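# Structural characterization, general
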Protein chains: 2
Amino acid sequence: MEEERAMTRILYDLAGADPARRFSPFCWRSKMALAHKGIAVETVPWRFVEKEKIAFSGKDKVPVLVDGEHVVADSWAIADYLESSYPDLPPLFAGPGERGLAKFVAAWTDSILHPAVFCIVALDIVDHLDPGDRAYFRESREARIKATLETWSADREGHIAALRQALMPLRLTLKGQDYLGGSAPGYADYIVFGAFQWARCISPAVLLAPDDPVFAWRRRLLDAFDGLGGRALGYDG
Amino acid sequence: MEEERAMTRILYDLAGADPARRFSPFCWRSKMALAHKGIAVETVPWRFVEKEKIAFSGKDKVPVLVDGEHVVADSWAIADYLESSYPDLPPLFAGPGERGLAKFVAAWTDSILHPAVFCIVALDIVDHLDPGDRAYFRESREARIKATLETWSADREGHIAALRQALMPLRLTLKGQDYLGGSAPGYADYIVFGAFQWARCISPAVLLAPDDPVFAWRRRLLDAFDGLGGRALGYDG
(Lines give C-alpha, C1' and ligand atoms only; values in the text may rest on other atoms or scores of the structure.)
Protein backbone atom coordinates (compact mmCIF):
# COMPACT_ATOMS: atom_id res chain seq x y z
CA MET A 1 0.00 0.00 0.00
CA GLU A 2 2.77 2.39 0.99
CA GLU A 3 4.80 1.27 -1.98
CA GLU A 4 1.92 1.76 -4.36
CA ARG A 5 1.43 5.30 -3.17
CA ALA A 6 5.14 5.99 -3.57
CA MET A 7 4.97 4.80 -7.16
CA THR A 8 2.14 7.12 -8.11
CA ARG A 9 3.27 9.79 -10.59
CA ILE A 10 0.73 12.45 -11.46
CA LEU A 11 0.88 15.60 -13.54
CA TYR A 12 -1.88 18.15 -13.02
CA ASP A 13 -2.61 19.32 -16.55
CA LEU A 14 -4.81 22.23 -17.65
CA ALA A 15 -7.99 21.03 -19.43
CA GLY A 16 -10.87 22.62 -21.31
CA ALA A 17 -14.58 21.80 -21.06
CA ASP A 18 -13.68 18.48 -22.65
CA PRO A 19 -11.30 16.98 -20.08
CA ALA A 20 -9.28 15.51 -22.95
CA ARG A 21 -8.44 18.97 -24.30
CA ARG A 22 -5.03 19.77 -22.77
CA PHE A 23 -3.76 23.08 -24.06
CA SER A 24 -1.37 24.64 -21.55
CA PRO A 25 1.98 25.48 -23.19
CA PHE A 26 3.76 25.03 -19.87
CA CYS A 27 2.15 21.62 -19.24
CA TRP A 28 3.25 20.57 -22.73
CA ARG A 29 6.84 21.42 -21.79
CA SER A 30 6.58 19.02 -18.86
CA LYS A 31 4.76 16.27 -20.77
CA MET A 32 7.40 16.31 -23.50
CA ALA A 33 10.18 16.38 -20.90
CA LEU A 34 8.73 13.34 -19.12
CA ALA A 35 8.35 11.52 -22.44
CA HIS A 36 11.92 12.46 -23.43
CA LYS A 37 13.19 10.78 -20.29
CA GLY A 38 10.83 7.84 -20.79
CA ILE A 39 9.07 8.44 -17.48
CA ALA A 40 5.44 7.31 -17.38
CA VAL A 41 2.97 9.71 -15.82
CA GLU A 42 -0.76 9.88 -15.25
CA THR A 43 -2.11 13.29 -16.26
CA VAL A 44 -5.04 14.66 -14.29
CA PRO A 45 -7.29 17.29 -15.88
CA TRP A 46 -7.31 20.55 -13.93
CA ARG A 47 -9.29 23.75 -14.42
CA PHE A 48 -8.17 27.33 -13.71
CA VAL A 49 -10.53 27.77 -10.77
CA GLU A 50 -9.49 24.56 -9.00
CA LYS A 51 -6.86 26.34 -6.93
CA GLU A 52 -7.59 24.30 -3.78
CA LYS A 53 -6.94 21.07 -5.68
CA ILE A 54 -3.24 21.99 -6.07
CA ALA A 55 -2.87 24.08 -2.91
CA PHE A 56 -0.63 21.34 -1.47
CA SER A 57 1.98 22.37 -4.06
CA GLY A 58 2.23 25.90 -2.71
CA LYS A 59 1.37 27.23 -6.18
CA ASP A 60 -1.91 28.10 -7.87
CA LYS A 61 -0.91 27.15 -11.41
CA VAL A 62 -0.09 24.00 -13.31
CA PRO A 63 1.94 22.04 -14.20
CA VAL A 64 2.30 20.38 -10.81
CA LEU A 65 4.12 17.07 -10.71
CA VAL A 66 3.61 14.61 -7.88
CA ASP A 67 6.30 11.97 -8.06
CA GLY A 68 5.85 9.65 -5.12
CA GLU A 69 6.54 11.86 -2.13
CA HIS A 70 7.99 14.71 -4.19
CA VAL A 71 5.82 17.65 -5.25
CA VAL A 72 7.21 20.01 -7.90
CA ALA A 73 5.38 22.99 -9.37
CA ASP A 74 6.46 25.18 -12.35
CA SER A 75 7.64 23.74 -15.64
CA TRP A 76 11.26 24.85 -15.24
CA ALA A 77 11.47 23.43 -11.72
CA ILE A 78 10.02 20.18 -13.08
CA ALA A 79 12.71 20.01 -15.78
CA ASP A 80 15.43 20.57 -13.17
CA TYR A 81 13.83 18.00 -10.86
CA LEU A 82 13.70 15.37 -13.61
CA GLU A 83 17.35 15.99 -14.52
CA SER A 84 18.62 15.72 -10.97
CA SER A 85 16.35 12.83 -9.91
CA TYR A 86 16.79 10.70 -13.02
CA PRO A 87 20.39 11.36 -14.11
CA ASP A 88 20.64 7.99 -15.86
CA LEU A 89 17.72 8.67 -18.20
CA PRO A 90 18.21 10.68 -21.43
CA PRO A 91 19.23 14.23 -20.47
CA LEU A 92 17.09 17.29 -21.22
CA PHE A 93 20.27 19.38 -21.08
CA ALA A 94 23.65 17.93 -21.97
CA GLY A 95 25.32 20.32 -19.51
CA PRO A 96 25.04 23.63 -17.63
CA GLY A 97 25.76 25.68 -20.77
CA GLU A 98 22.90 24.05 -22.63
CA ARG A 99 20.60 24.66 -19.66
CA GLY A 100 21.69 28.32 -19.60
CA LEU A 101 21.00 28.80 -23.30
CA ALA A 102 17.62 27.05 -22.92
CA LYS A 103 16.81 29.85 -20.45
CA PHE A 104 17.29 32.31 -23.32
CA VAL A 105 14.98 30.22 -25.50
CA ALA A 106 12.42 30.28 -22.67
CA ALA A 107 12.78 34.05 -22.28
CA TRP A 108 12.25 34.51 -26.03
CA THR A 109 9.25 32.17 -25.95
CA ASP A 110 7.66 33.86 -22.94
CA SER A 111 8.24 37.45 -24.04
CA ILE A 112 7.87 37.25 -27.84
CA LEU A 113 6.25 34.00 -28.97
CA HIS A 114 3.52 33.58 -26.35
CA PRO A 115 2.13 37.12 -26.72
CA ALA A 116 2.16 36.68 -30.53
CA VAL A 117 0.21 33.41 -30.24
CA PHE A 118 -2.13 34.66 -27.53
CA CYS A 119 -3.71 37.38 -29.64
CA ILE A 120 -4.50 34.74 -32.28
CA VAL A 121 -6.03 32.12 -29.97
CA ALA A 122 -7.47 34.09 -27.03
CA LEU A 123 -11.12 33.84 -28.09
CA ASP A 124 -10.72 30.17 -29.06
CA ILE A 125 -9.53 29.52 -25.53
CA VAL A 126 -12.70 31.10 -24.11
CA ASP A 127 -14.84 28.97 -26.44
CA HIS A 128 -13.22 25.73 -25.26
CA LEU A 129 -13.06 26.45 -21.54
CA ASP A 130 -15.22 24.79 -18.94
CA PRO A 131 -18.04 27.28 -18.19
CA GLY A 132 -16.74 27.65 -14.64
CA ASP A 133 -13.36 28.87 -15.98
CA ARG A 134 -14.58 31.46 -18.45
CA ALA A 135 -15.09 34.43 -16.15
CA TYR A 136 -11.77 33.77 -14.38
CA PHE A 137 -9.88 33.54 -17.65
CA ARG A 138 -11.43 36.62 -19.19
CA GLU A 139 -11.00 38.80 -16.11
CA SER A 140 -7.43 37.77 -15.36
CA ARG A 141 -6.28 38.11 -18.98
CA GLU A 142 -8.11 41.35 -19.70
CA ALA A 143 -6.55 42.86 -16.57
CA ARG A 144 -3.13 41.80 -17.87
CA ILE A 145 -3.52 43.09 -21.44
CA LYS A 146 -5.62 46.11 -20.41
CA ALA A 147 -8.11 45.50 -23.22
CA THR A 148 -11.01 43.21 -24.00
CA LEU A 149 -10.10 39.88 -25.58
CA GLU A 150 -12.19 40.90 -28.58
CA THR A 151 -10.18 44.09 -29.14
CA TRP A 152 -6.93 42.19 -28.59
CA SER A 153 -7.88 39.50 -31.09
CA ALA A 154 -9.25 41.64 -33.92
CA ASP A 155 -7.42 41.24 -37.24
CA ARG A 156 -6.45 37.58 -36.93
CA GLU A 157 -4.77 37.58 -40.34
CA GLY A 158 -2.60 40.50 -39.27
CA HIS A 159 -1.65 38.70 -36.07
CA ILE A 160 -0.73 35.54 -37.99
CA ALA A 161 1.48 37.59 -40.31
CA ALA A 162 3.11 39.21 -37.28
CA LEU A 163 3.69 35.80 -35.68
CA ARG A 164 5.36 34.49 -38.83
CA GLN A 165 7.61 37.53 -38.84
CA ALA A 166 8.45 37.05 -35.15
CA LEU A 167 9.47 33.46 -35.87
CA MET A 168 12.46 34.60 -37.96
CA PRO A 169 15.16 33.60 -35.42
CA LEU A 170 13.58 30.14 -35.09
CA ARG A 171 13.20 29.80 -38.87
CA LEU A 172 16.83 30.77 -39.58
CA THR A 173 18.02 28.26 -36.99
CA LEU A 174 15.89 25.42 -38.32
CA LYS A 175 17.00 26.06 -41.89
CA GLY A 176 20.37 24.67 -40.88
CA GLN A 177 19.54 21.99 -38.33
CA ASP A 178 16.63 19.72 -37.39
CA TYR A 179 16.29 20.83 -33.76
CA LEU A 180 17.24 23.83 -31.65
CA GLY A 181 20.09 21.89 -30.11
CA GLY A 182 21.26 20.51 -33.46
CA SER A 183 20.52 16.95 -34.55
CA ALA A 184 18.48 15.77 -31.54
CA PRO A 185 15.55 17.30 -29.63
CA GLY A 186 16.01 18.66 -26.13
CA TYR A 187 14.20 20.76 -23.58
CA ALA A 188 14.69 23.97 -25.59
CA ASP A 189 12.62 22.41 -28.39
CA TYR A 190 9.87 21.45 -25.95
CA ILE A 191 9.73 25.02 -24.62
CA VAL A 192 8.99 26.39 -28.08
CA PHE A 193 6.86 23.41 -29.12
CA GLY A 194 4.61 24.08 -26.12
CA ALA A 195 3.57 27.38 -27.69
CA PHE A 196 2.52 25.61 -30.88
CA GLN A 197 0.67 22.89 -28.96
CA TRP A 198 -1.17 25.59 -27.02
CA ALA A 199 -2.49 26.90 -30.35
CA ARG A 200 -3.03 23.48 -31.93
CA CYS A 201 -5.10 22.06 -29.08
CA ILE A 202 -7.39 25.08 -28.85
CA SER A 203 -7.64 26.86 -32.21
CA PRO A 204 -8.33 26.10 -35.86
CA ALA A 205 -6.02 28.97 -36.86
CA VAL A 206 -3.31 27.98 -39.33
CA LEU A 207 -0.13 29.44 -37.88
CA LEU A 208 2.53 28.08 -40.22
CA ALA A 209 2.95 27.79 -43.97
CA PRO A 210 3.86 24.24 -45.08
CA ASP A 211 7.13 25.41 -46.67
CA ASP A 212 8.33 27.00 -43.42
CA PRO A 213 11.22 25.09 -41.80
CA VAL A 214 9.34 25.66 -38.54
CA PHE A 215 6.45 23.59 -39.95
CA ALA A 216 8.71 20.58 -40.61
CA TRP A 217 10.28 20.92 -37.16
CA ARG A 218 6.84 21.00 -35.53
CA ARG A 219 5.88 17.89 -37.51
CA ARG A 220 8.92 16.04 -36.18
CA LEU A 221 7.93 16.93 -32.64
CA LEU A 222 4.26 16.07 -33.21
CA ASP A 223 5.45 12.61 -34.26
CA ALA A 224 7.92 12.17 -31.39
CA PHE A 225 7.23 9.74 -28.53
CA ASP A 226 4.66 7.74 -30.51
CA GLY A 227 2.85 10.90 -31.55
CA LEU A 228 2.23 12.19 -28.02
CA GLY A 229 1.70 15.73 -29.32
CA GLY A 230 0.10 14.83 -32.64
CA ARG A 231 -2.49 12.49 -31.12
CA ALA A 232 -3.67 15.07 -28.59
CA LEU A 233 -7.20 16.41 -29.03
CA GLY A 234 -6.96 19.54 -31.15
CA TYR A 235 -6.87 20.89 -34.68
CA ASP A 236 -4.63 20.20 -37.63
CA GLY A 237 -3.54 23.84 -38.21
CA MET B 1 61.93 30.01 -41.57
CA GLU B 2 59.26 27.47 -42.47
CA GLU B 3 58.45 27.10 -38.81
CA GLU B 4 58.15 30.84 -38.30
CA ARG B 5 55.71 31.14 -41.15
CA ALA B 6 53.67 28.24 -39.77
CA MET B 7 53.40 30.06 -36.45
CA THR B 8 51.97 33.23 -37.99
CA ARG B 9 48.38 33.78 -36.91
CA ILE B 10 46.55 36.71 -38.45
CA LEU B 11 42.99 37.94 -38.25
CA TYR B 12 41.84 40.41 -40.90
CA ASP B 13 39.74 42.88 -38.92
CA LEU B 14 37.50 45.64 -40.25
CA ALA B 15 38.88 49.12 -39.46
CA GLY B 16 37.72 52.71 -39.81
CA ALA B 17 39.72 55.73 -40.99
CA ASP B 18 41.74 55.32 -37.80
CA PRO B 19 43.26 51.84 -38.26
CA ALA B 20 42.82 51.27 -34.51
CA ARG B 21 39.03 51.59 -34.78
CA ARG B 22 37.81 47.98 -35.09
CA PHE B 23 34.04 47.90 -35.16
CA SER B 24 32.85 44.78 -37.01
CA PRO B 25 30.44 42.75 -34.85
CA PHE B 26 31.51 39.56 -36.61
CA CYS B 27 35.22 40.25 -36.10
CA TRP B 28 34.49 40.86 -32.41
CA ARG B 29 32.95 37.39 -32.21
CA SER B 30 36.22 35.93 -33.50
CA LYS B 31 38.49 38.12 -31.35
CA MET B 32 36.58 37.13 -28.21
CA ALA B 33 36.61 33.47 -29.27
CA LEU B 34 40.39 33.52 -29.79
CA ALA B 35 40.86 35.23 -26.40
CA HIS B 36 38.54 32.71 -24.74
CA LYS B 37 40.76 29.91 -25.96
CA GLY B 38 43.89 31.86 -25.03
CA ILE B 39 45.16 31.89 -28.62
CA ALA B 40 47.34 34.87 -29.52
CA VAL B 41 46.61 36.54 -32.83
CA GLU B 42 47.85 39.53 -34.77
CA THR B 43 44.95 41.60 -36.09
CA VAL B 44 45.43 43.36 -39.41
CA PRO B 45 43.25 46.39 -40.26
CA TRP B 46 41.14 45.85 -43.35
CA ARG B 47 38.79 48.16 -45.23
CA PHE B 48 35.56 47.26 -47.06
CA VAL B 49 37.02 47.97 -50.50
CA GLU B 50 40.14 45.86 -49.98
CA LYS B 51 38.53 42.79 -51.51
CA GLU B 52 41.69 41.66 -53.27
CA LYS B 53 43.61 41.65 -49.99
CA ILE B 54 41.50 38.72 -48.75
CA ALA B 55 40.70 37.11 -52.12
CA PHE B 56 42.94 34.16 -51.13
CA SER B 57 40.25 33.24 -48.58
CA GLY B 58 37.59 32.79 -51.23
CA LYS B 59 35.41 35.36 -49.44
CA ASP B 60 35.08 39.11 -49.74
CA LYS B 61 34.27 39.83 -46.10
CA VAL B 62 36.07 39.68 -42.78
CA PRO B 63 36.80 38.09 -40.39
CA VAL B 64 39.37 35.97 -42.16
CA LEU B 65 41.71 33.94 -39.97
CA VAL B 66 45.06 32.76 -41.24
CA ASP B 67 46.44 30.18 -38.83
CA GLY B 68 49.70 28.91 -40.22
CA GLU B 69 48.68 27.14 -43.39
CA HIS B 70 44.95 27.19 -42.58
CA VAL B 71 42.70 29.92 -43.96
CA VAL B 72 39.22 30.24 -42.46
CA ALA B 73 36.65 32.90 -43.38
CA ASP B 74 33.31 33.64 -41.67
CA SER B 75 32.95 34.01 -37.91
CA TRP B 76 30.98 30.81 -37.41
CA ALA B 77 33.47 28.78 -39.44
CA ILE B 78 36.27 30.30 -37.37
CA ALA B 79 34.56 29.22 -34.13
CA ASP B 80 34.16 25.68 -35.45
CA TYR B 81 37.76 25.67 -36.67
CA LEU B 82 39.08 26.79 -33.28
CA GLU B 83 37.04 24.13 -31.47
CA SER B 84 38.19 21.29 -33.68
CA SER B 85 41.80 22.42 -34.03
CA TYR B 86 42.38 23.27 -30.37
CA PRO B 87 40.25 20.76 -28.46
CA ASP B 88 42.45 20.98 -25.35
CA LEU B 89 41.94 24.72 -24.92
CA PRO B 90 38.82 26.08 -23.12
CA PRO B 91 35.76 25.14 -25.19
CA LEU B 92 33.50 27.70 -26.86
CA PHE B 93 30.70 25.11 -26.79
CA ALA B 94 30.56 22.43 -24.10
CA GLY B 95 28.87 20.07 -26.59
CA PRO B 96 26.78 19.81 -29.77
CA GLY B 97 23.59 20.90 -27.98
CA GLU B 98 25.23 24.09 -26.79
CA ARG B 99 26.54 24.75 -30.31
CA GLY B 100 23.02 24.19 -31.70
CA LEU B 101 21.46 26.62 -29.25
CA ALA B 102 24.19 29.17 -29.97
CA LYS B 103 22.94 29.02 -33.58
CA PHE B 104 19.57 30.25 -32.29
CA VAL B 105 21.31 33.07 -30.42
CA ALA B 106 23.14 33.95 -33.66
CA ALA B 107 19.89 33.89 -35.63
CA TRP B 108 18.26 36.20 -33.07
CA THR B 109 21.28 38.51 -33.12
CA ASP B 110 21.45 38.64 -36.92
CA SER B 111 17.72 39.09 -37.55
CA ILE B 112 16.60 41.19 -34.55
CA LEU B 113 19.51 42.77 -32.72
CA HIS B 114 21.72 43.85 -35.63
CA PRO B 115 18.95 45.65 -37.52
CA ALA B 116 17.91 47.38 -34.28
CA VAL B 117 21.48 48.57 -33.68
CA PHE B 118 22.15 49.46 -37.31
CA CYS B 119 19.50 52.17 -37.51
CA ILE B 120 21.08 53.80 -34.44
CA VAL B 121 24.71 53.73 -35.61
CA ALA B 122 24.53 53.80 -39.44
CA LEU B 123 25.52 57.45 -39.83
CA ASP B 124 28.23 57.15 -37.18
CA ILE B 125 29.73 54.35 -39.24
CA VAL B 126 29.90 56.62 -42.29
CA ASP B 127 31.56 59.34 -40.21
CA HIS B 128 34.30 57.00 -39.01
CA LEU B 129 35.01 55.17 -42.25
CA ASP B 130 38.10 55.61 -44.33
CA PRO B 131 37.13 58.00 -47.16
CA GLY B 132 37.69 55.20 -49.67
CA ASP B 133 35.06 53.05 -47.93
CA ARG B 134 32.27 55.59 -47.65
CA ALA B 135 30.68 55.26 -51.07
CA TYR B 136 30.84 51.45 -50.94
CA PHE B 137 29.24 51.34 -47.53
CA ARG B 138 26.48 53.80 -48.33
CA GLU B 139 25.59 52.21 -51.66
CA SER B 140 25.60 48.60 -50.44
CA ARG B 141 23.62 49.38 -47.29
CA GLU B 142 21.11 51.68 -48.94
CA ALA B 143 20.44 49.00 -51.56
CA ARG B 144 19.80 46.52 -48.75
CA ILE B 145 17.48 48.72 -46.66
CA LYS B 146 15.90 50.40 -49.70
CA ALA B 147 16.18 53.85 -48.12
CA THR B 148 18.82 56.48 -47.48
CA LEU B 149 20.86 56.05 -44.31
CA GLU B 150 19.53 59.44 -43.20
CA THR B 151 15.89 58.31 -43.51
CA TRP B 152 16.71 55.00 -41.82
CA SER B 153 18.44 56.72 -38.91
CA ALA B 154 15.98 59.51 -38.20
CA ASP B 155 14.50 59.47 -34.68
CA ARG B 156 17.50 58.04 -32.82
CA GLU B 157 15.71 58.20 -29.48
CA GLY B 158 12.85 56.15 -30.89
CA HIS B 159 15.30 53.59 -32.25
CA ILE B 160 17.07 53.34 -28.87
CA ALA B 161 13.71 52.76 -27.17
CA ALA B 162 12.89 50.06 -29.74
CA LEU B 163 16.28 48.40 -29.19
CA ARG B 164 15.73 48.31 -25.43
CA GLN B 165 12.34 46.70 -26.03
CA ALA B 166 13.86 44.15 -28.43
CA LEU B 167 16.41 43.19 -25.76
CA MET B 168 13.68 41.72 -23.52
CA PRO B 169 14.64 38.04 -24.07
CA LEU B 170 18.28 38.85 -23.27
CA ARG B 171 17.29 40.95 -20.24
CA LEU B 172 15.02 38.25 -18.80
CA THR B 173 17.79 35.68 -19.21
CA LEU B 174 20.46 37.85 -17.58
CA LYS B 175 18.21 38.65 -14.64
CA GLY B 176 18.71 35.07 -13.53
CA GLN B 177 22.26 34.27 -14.59
CA ASP B 178 25.54 36.09 -15.33
CA TYR B 179 26.02 34.78 -18.88
CA LEU B 180 23.87 33.29 -21.63
CA GLY B 181 25.24 29.84 -20.86
CA GLY B 182 24.80 30.28 -17.09
CA SER B 183 27.75 31.03 -14.83
CA ALA B 184 30.54 31.24 -17.42
CA PRO B 185 30.87 33.05 -20.76
CA GLY B 186 30.82 31.14 -24.02
CA TYR B 187 30.52 31.74 -27.73
CA ALA B 188 26.82 32.65 -27.47
CA ASP B 189 27.81 35.59 -25.28
CA TYR B 190 30.42 36.73 -27.78
CA ILE B 191 27.85 36.63 -30.59
CA VAL B 192 25.60 39.08 -28.76
CA PHE B 193 28.49 41.09 -27.32
CA GLY B 194 29.73 41.69 -30.87
CA ALA B 195 26.62 43.73 -31.58
CA PHE B 196 27.30 45.96 -28.58
CA GLN B 197 30.98 46.35 -29.52
CA TRP B 198 29.93 47.33 -33.03
CA ALA B 199 27.99 50.22 -31.49
CA ARG B 200 30.54 51.05 -28.81
CA CYS B 201 33.50 51.33 -31.18
CA ILE B 202 31.69 53.56 -33.65
CA SER B 203 28.98 55.59 -31.92
CA PRO B 204 28.51 57.86 -28.92
CA ALA B 205 24.89 56.66 -28.62
CA VAL B 206 23.98 55.36 -25.16
CA LEU B 207 22.23 52.05 -25.84
CA LEU B 208 21.69 50.71 -22.33
CA ALA B 209 20.41 52.10 -19.05
CA PRO B 210 22.81 51.42 -16.14
CA ASP B 211 20.17 49.46 -14.20
CA ASP B 212 19.60 47.06 -17.11
CA PRO B 213 20.94 43.53 -16.40
CA VAL B 214 22.26 43.69 -19.97
CA PHE B 215 24.46 46.64 -18.93
CA ALA B 216 26.11 44.64 -16.14
CA TRP B 217 26.60 41.65 -18.46
CA ARG B 218 28.24 43.89 -21.09
CA ARG B 219 30.52 45.32 -18.38
CA ARG B 220 31.64 41.82 -17.43
CA LEU B 221 32.50 41.10 -21.04
CA LEU B 222 34.22 44.46 -21.55
CA ASP B 223 36.46 43.54 -18.61
CA ALA B 224 37.11 39.96 -19.77
CA PHE B 225 40.51 38.92 -21.15
CA ASP B 226 42.35 41.87 -19.57
CA GLY B 227 39.79 44.30 -20.93
CA LEU B 228 40.17 43.31 -24.59
CA GLY B 229 36.76 44.80 -25.42
CA GLY B 230 36.83 47.68 -22.96
CA ARG B 231 40.27 48.92 -24.03
CA ALA B 232 39.33 49.04 -27.71
CA LEU B 233 39.12 52.47 -29.32
CA GLY B 234 35.53 53.63 -29.06
CA TYR B 235 33.02 55.40 -26.83
CA ASP B 236 31.83 54.82 -23.30
CA GLY B 237 28.08 54.55 -24.13
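As shown above, the structure is provided for reference.
Figured I'd write up the structure that's included with this text. Along each chain, residues carry numbers from 1 onward, in the same order as the chain's sequence is written. To read the labels, note that chains go from A and ligands from 1, taken in the order they are written. The predicted nature of this model means local features are confined to residues of pLDDT at least 70 and side-chain atom pairs, given and counted, to a pLDDT of 80 or more, with totals for whole chains, interfaces and linings taken over all residues. For side-chain calculations, the full set of non-hydrogen atoms in the structure is used, while hydrogens and water are omitted.

### Observations regarding the overall build of chain A
Heads up, the rule is: Under the scheme used here, helices are H or I runs from DSSP no shorter than 4 residues and strands are E runs no shorter than 2 residues, and both carry numbers assigned from the N terminus. Only C-alpha atoms enter the radius of gyration, while the globule expectation follows 2.2 Å times N to the 0.38, with N the number of residues. Three labels apply to residues, based on accessible area from a 1.4 Å probe with only protein chains included: buried if under 20% of the type maximum, exposed if over 50%, partly exposed otherwise in between. Throughout, a residue-residue contact means that at least one pair of heavy atoms, one from each residue, lies within 4.5 Å. Surface accessibility follows the Shrake-Rupley procedure with a 1.4 Å probe radius. Residue values consider only the protein chains on display as shielding. Lys and Arg are tallied as positive, Asp and Glu as negative. Neither His nor the chain termini are counted. A charge is said to be at NZ when it belongs to Lys, at CZ for Arg, at CG for Asp and at CD for Glu.
Of the regular secondary structure elements, chain A holds ten helices and four strands. Taken from the N to the C terminus, the helices and strands of chain A come in the order α-β-α-β-β-β-α-α-α-α-α-α-α-α. Taken against the 2.2 N^0.38 rule, which gives 18 Å for 237 residues, the C-alpha radius of gyration of chain A at 18 Å falls within 12% of a compact globule. A total of 237 residues make up chain A; the buried ones form 54% of that total. Contacts in chain A between residues far apart in sequence, at least 24 positions, make up 68% of those at least 6 positions apart. In the structure as shown, chain A presents an accessible area of about 10200 Å², 56% of it carried by carbon and sulfur atoms. If the 28 positive side-chain charges of chain A are averaged to one point and the 33 negative ones to another, these points end up 4 Å apart.

### Here we look at helix H7 (residues 156-166) of chain A
Residue and element names in this part refer to chain A. As a reminder of what qualifies: What the arc describes is the spread of directions from the helix axis to the C-beta atoms.
Every buried residue belonging to H7 is among His159, Ile160, Leu163 and Ala166, and all of these are buried. For H7, the arc enclosing every buried residue in end-on projection is 120°, short of the 170-degree limit, so these residues lie on one face. Exposed and facing more than 90 degrees away from the buried side of H7 are Glu157 and Gln165.

### Observations regarding the sheet that holds strand S3 (residues 64-67) of chain B
Residue and element names in this part refer to chain B. Keep this limit in mind: What makes two strands pair is DSSP finding at least two bridges between them. Every axis corresponds to a line fitted to the C-alpha atoms, with the helix fit spanning only the stretch in contact, and the corresponding angles, defined between N-to-C directions, vary from 0 to 180 degrees.
Pairing within the open sheet is mixed, and its four strands lie in the order S2-S1-S3-S4. At either end of the open sheet lies a strand with only one pairing partner, and these are strand S2 (42-46) and strand S4 (70-73). Neighbour-to-neighbour, the strand axes of this sheet turn through a mean angle of 20°, independent of strand direction. Where S3 lies against S4, four bridges are found, and the strand directions are antiparallel. Bridging across to S4, Asp67 finds its partner in His70.

### Digging into the interface of chain B and chain A
Test applied: Here the buried area means the combined drop in accessible surface, using a 1.4 Å probe, for two parts upon being joined, counting both sides. Salt bridge criterion: a side-chain nitrogen from Lys or Arg within 4 Å of a carboxyl oxygen from Asp or Glu. In protein, a polar contact means a hydrogen-donor-capable atom and an acceptor-capable atom, both N or O and within 3.5 Å, with residues adjacent in sequence counting only if both atoms are side-chain atoms; elsewhere, any N or O pair within 3.5 Å suffices.
Taken together, the contact between chain B and chain A spans 23 residues of the former and 23 residues of the latter. Contact between chain B and chain A buries roughly 1900 Å² in total, counting both sides, with carbon and sulfur atoms accounting for 78%. When the buried area of chain B at its contact with chain A is split by residue, Leu101, Phe104 and Pro169 of chain B rank highest and sum to 35% of it. The interface formed by chain B and chain A includes zero salt bridges. The interface formed by chain B and chain A holds four residue pairs in polar contact (both at pLDDT 80 or more) in total.

### Digging into the nonpolar core
Put simply, the test is: To qualify as a nonpolar core, a set must consist of buried Ala, Val, Leu, Ile, Met, Phe, Trp, Tyr and Cys residues joined through side-chain atoms within 4.5 Å.
Membership of the largest hydrophobic core comes to 148 residues, with the highest contact counts inside it found for Leu82, Leu170, Phe196 and Trp217 of chain A together with Leu170, Phe196 and Trp217 of chain B. Beyond its immediate stretch of four places on either side in the chain, Leu170 of chain A contacts Trp108, Leu180, Val192, Phe196, Val214 and Trp217 of chain A together with Phe104 of chain B.

### Section: the packing of aromatic side chains
Heads up, the condition is: Here the aromatic set is Phe, Tyr and Trp, taking the six-membered ring for Trp, and pairing holds for ring centres within 6.5 Å; pairs whose planes are under 30 degrees apart are stacked, those over 60 apart are edge-to-face, and all others are tilted. Here, a charge over a ring means that NZ of Lys or CZ of Arg falls within 6 Å of the ring centre while also lying within 35 degrees of the ring normal.
One pass over the full model with this rule turns up 28 aromatic pairs over all chains. Centre to centre, the rings of Phe48 of chain A and Tyr136 of chain A are 5.5 Å apart; their planes meet at 35°, and the pair counts as tilted. With Phe48 of chain A in the loop between strand S2 (42-46) and strand S3 (64-67) and Tyr136 of chain A in helix H5 (residues 131-145), this pair connects stretches of sequence that are 88 residues apart. Connected via pairs of aromatic rings, a cluster forms that spans Trp46, Phe48, Phe118, Tyr136, Phe137 and Trp198 of chain A. In this structure, Lys31 of chain B packs its charged tip against the face of Trp28 of chain B, placed 3.8 Å from the ring centre. Over the ring of Tyr179 of chain B we find Arg220 of chain B; its NZ or CZ atom is 5.6 Å from the centre of that ring.

### Brief notes about helix H5 (residues 131-145) of chain B
Residue and element names in this part refer to chain B. Put simply, the rule reads: The span expected for a helix works out to 1.5 Å for each residue beyond the first.
Between its first and last C-alpha, H5 extends 22 Å over 15 residues, near the 21 Å set by a 1.5 Å rise per residue. Among all positions in H5, only Asp133, Phe137, Arg141, Glu142 and Ile145 are buried. Down the axis of H5, the buried set is contained in an arc of 140°. They therefore lie on one face. For H5, the exposed residues lying more than 90 degrees away from the buried face are Glu139 and Ala143. For H5, the elements touching its buried residues are helix H4 (96-128) and helix H6 (149-153). Phi turns positive one or two residues past the end of H5, at Lys146, with a value near 55°.

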